[in-house]
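Now for the letters of each chain:
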Amino acid sequence: MPETTFSLHSYRGPAQINGVDFAHVTISEHADSGVDTVIKGWEGSAKVSKTDAPTITPEWMENTARKTVIEVQLPDGGTGQAYPTGAAHVQDGSLEYWTIDFTGIGPSPWDGGV
């Protein structure tokens, strides 16, 4: 059987989640192998300070967390779809920020995505 090769990517930087700018986004691809297959997937998290994202409200976060699918867009235009797996408003001392965790579905933003 021929050997399958491909690259796995990772990204740290800004991105948009459902059209809203998040300053700190981490996305990574991973691969799992089975008997005759290799399954490539991706996941990530996004974080932005509350002061840097005044358009985000608790209602926006709640609605985004309940969505079946969210859109993740990198600055270069690469876009992927993902399931939100968690969302939170975090207060750490004087710092307040929003976070979203997600698991990609379909192609990653590097592989053509949407």
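The structure presented is a predicted model; accordingly, all values stated were derived computationally and were not measured.

**So, the pairing of strand β6 (residues 95-105)**
Thought 1: Bridge count between strand β5 (residues 79-92) and β6: 11 bridges; the pairing is antiparallel. In the strand pairing of β6, Ala 87 is matched with Ile 100.
Thought 2: Taking the residues that link successive antiparallel strands as the turn, the β5-β6 hairpin has 2 residues, and the phi of Gly 93 there is positive, at about 65°.

**Side note on helix α1 (residues 58-66)**
Thought 1: Looking at α1, one finds that the buried residues are Trp 60, Met 61 and Thr 64. Along the long axis of α1, the arc covered by the buried residues comes to 95°, so they all point the same way. The outward face of α1, more than 90 degrees from its buried face, is lined by the exposed residues Pro 58, Glu 59 and Arg 66.
Thought 2: Looking at the buried side of α1, the elements it contacts are β1 (10-17), β2 (20-33), β4 (70-73), β5 and β6.

What counts, and where the lines are drawn
- Residues numbered from 1 in each chain as written.
- Predicted model: local features only at pLDDT ≥ 70, side-chain atom pairs only at ≥ 80, totals over all residues.
- Heavy atoms only, no water.
- Pairing = 2+ DSSP bridges.
- Helix = DSSP H or I, 4+ residues; strand = E, 2+ residues; numbered from the N terminus.
- Buried < 20%, exposed > 50% of the residue type's maximum accessible area, 1.4 Å probe, protein only.
- Arc of directions from axis to C-beta.
- Contact = heavy atoms within 4.5 Å.

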